[in-house]
Structure formats: structure tokens, C-alpha cells
Amino acid sequence: MSEVQEKVSNVIKAKEVDPKFKYKMSKMHGAEKVMLCFQCGTCTADCPIARFSEFYRPRRIARMVQFGLKDRLLSDKALWLCSNCFTCVDHCPQNVEIAGIVRVLRNLTVKENKVIPLVYTVLASNLLKGGYVYEIREMHHKKRAGLGLPPLPKPNLEDIEKIFQITGSSNLLKGVETFEKVES
Ligand code: SF4
Ligand code: SF4
């Protein structure tokens, strides 16, 4: 993207702004303190992902929430780069929980059927089918037995399905748009 294109894409249009978004976010567990962010930049300076990414900036996420840029945030693939290491939470002088804000935004992304990484749909599908996020094959069971390990517990698939419905996780499997890679 050229410098001019980047500047144009950074311009905020009035129709993009959801003025109530910051209040809605402030009521969600983990994002309560988002309005306390005063843009000191400590989270970005200390974030291990921001160190290697041109796009991922935790400070910017907090600012975008304050500005009400909900659609931009929910369609931003960089949101999925956060590794949930909680360094930003530990270092923020205002006790803002960027990791919690990212979690809330990711949940909203799934709820509103925006684009999500393919891997989550694969993990969810495995969980529903077999009770584990990874497919456990016969050879794995045999390997465990060979090592003298007890058999894996039998998952309750009915309960897992209920949990999916109650938590809205079924949205992960309802033909959401997916992507495989995030440009860093
Ligand atoms: S460290 Fe806290 S106050 Fe500073 S920019 Fe990050 S979230 Fe905002
Ligand atoms: S939790 Fe996410 S945003 Fe915070 S420091 Fe770790 S990778 Fe960066």
C-alpha cells in the first residue's frame, strides 16, 4: 500500500462511527476499562507480536474502540495475531486489559459472522465430532497404550453440542467467511 493510499484508508468517515460502541464494550467482561486508555503506548512497546508486525498495535485497538470503529475492528485480520500473553495487561499504567478487549472483539466477530481464521472452524468441527480439538486416531490410542498410559476419557458429545448452542459457538460452523493467513 502506498503512503497516500494508507493515509486515505486511515481517514475516519462519520458513517463508520458507532457512538454507542465504547459504552457497549465497557460493559463486557475484560473490556470494562477501555475508556481509561490514555494512549501512552506501553502496551505496544512491550507487545511481543507488535515487535514483529507492521500492523498489529494494541494501543490502536483501544483507540479504535474509543472512536467507535466497530466494523473496522471486527473485519481486521490483525485482531487474530494477539497471542494472549497478557504482557500488555501486566504493564498498563491504567489497568486496561487489551488482551480482554481483544477476546471480546473476537467473540463479537464470531457472533456477527465476520471473517475469522480457518483454524478455529477446524478446531470447532473436531470438537463437535470427536470431543477433542484435534482428531484422535486409532494409532494415537495404541501409542498411549504402548506407553502404559490410561485410555483417554470418553467425551460427552451431547453436552458439547449443548455448550456450543448456549455459548453461540455454533456460529463458528455456520458458513462463516474464513482466511488462512494474516499478513504480519
Ligand atoms: S498501556 Fe494502557 S494506557 Fe497505555 S496505550 Fe496501552 S492500553 Fe492505553
Ligand atoms: S496479550 Fe496480545 S496485545 Fe497483549 S502483549 Fe500479548 S500479544 Fe500483545
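Residues numbered from 1 in each chain as written. Chains lettered and ligands numbered in written order. Predicted model: local features only at pLDDT ≥ 70, side-chain atom pairs only at ≥ 80, totals over all residues.

## A few points about the overall build of the protein
Secondary structure assignment for the protein yields ten helices and two strands. Beginning at the N terminus, the succession of helices and strands in the protein can be written as α-α-α-α-α-α-α-β-α-α-α-β. Principal-axis analysis of the C-alpha atoms gives the protein an extent of 60 × 35 × 30 Å. Counting only residues that meet the buried cut, the protein has 21% of its 184 residues in that class. Taking as baseline every contact in the protein between residues at least 6 positions apart, the subset at least 24 positions apart corresponds to 72%. (Helix = DSSP H or I, 4+ residues; strand = E, 2+ residues; numbered from the N terminus. Buried ≥ 20, exposed ≤ 12 C-beta atoms within 10 Å, placed from the backbone. Contact = placed C-beta atoms within 7 Å.)

## Structural notes on the site of ligand 2
Taken together, 13 residues lie near ligand 2, and Cys-47, Cys-82, Cys-85, Cys-88 and Ala-99 sit nearest. Of all the secondary-structure elements, those providing two or more residues to the shell around ligand 2 are helix H6 (87–91) and helix H7 (98–111). Across the shell around ligand 2, the residue classes break down as ten nonpolar, three polar and no charged. (Near = placed C-beta within 6 Å. Nonpolar A, V, L, I, M, F, W, Y, C, P; charged D, E, K, R; others polar.)

## Remarks on helix H9 (residues 138–146)
Side chains three or four residues apart in an α-helix point the same way, a direct result of the helix having 3.6 residues per turn. Counting buried residues along H9, only zero of its nine residues qualify, which leaves the element largely exposed. Within two residues after H9, Gly-148 carries a phi angle of roughly 80°, on the positive side.

## Things to note about the packing of helix H4 (residues 58–67) against H7
A packed helix pair is summarised by two numbers, namely the angle formed by the two axes and the spacing between the axes. For the pair H4 and H7, the least separation of the axes is 10 Å and the interaxial angle reads 60°. The orientation of H4 with respect to H7, classified from their angle, is oblique. When the axes of H4 and H7 are compared, the crossing they make is left-handed. Contact residues: Pro-58, Ile-61, Ala-62 and Val-65 in H4; Ile-98, Ile-101 and Val-102 in H7. In terms of residue class, the contact of H4 with H7 is made up of seven nonpolar, no polar and no charged. (Axes fitted to C-alpha atoms, helices over the stretch in contact; angles between N-to-C directions. Parallel < 35°, antiparallel > 145°, perpendicular 65-115°, else oblique. Left-handed = near helix turned anticlockwise from the far one by under 90°.)

## Concerning the site of ligand 1
Every one of the 15 residues lining ligand 1 counts as a neighbour, but Cys-37, Cys-40, Thr-42, Cys-43 and Cys-92 are closest to it. Those elements that place two or more of their residues in the shell around ligand 1 are helix H3 (42–46) and H4. Grouping the amino acids of the shell around ligand 1 by side-chain chemistry returns ten nonpolar, four polar and one charged.

## Here's the deal with the domain arrangement of the protein
Here the protein is described as being made up of domain 1 (15–111) and domain 2 (116–179). A separation of 29 Å is found between the C-alpha centroids of domain 1 and domain 2. Taken together, the residues of the side of domain 1 that touches domain 2 sort by class into two nonpolar, one polar and two charged. (Domains from an automatic or database assignment.)

## Some words on the nonpolar core
Ranked by size, the top nonpolar core spans 26 residues in total, and within it Val-34, Ile-61, Ala-62, Val-65, Ile-98, Ile-101 and Val-102 carry the most contacts. Listing elements by their share of this core, those giving two or more residues are helix H2 (21–26), H4 and H7. No other element matches H7, which puts six residues into this core. (Core = buried A, V, L, I, M, F, W, Y, C linked by C-beta atoms within 7 Å.)

## Here's the deal with helix H8 (residues 118–130)
Its 13 residues place the ends of H8 19 Å apart at the C-alpha level, agreeing with the 18 Å of an ideal helix rising 1.5 Å per residue. Looking one or two residues past H8, Gly-131 carries a phi angle of roughly 90°, positive in sign. (Expected span 1.5 Å × (residues − 1).)

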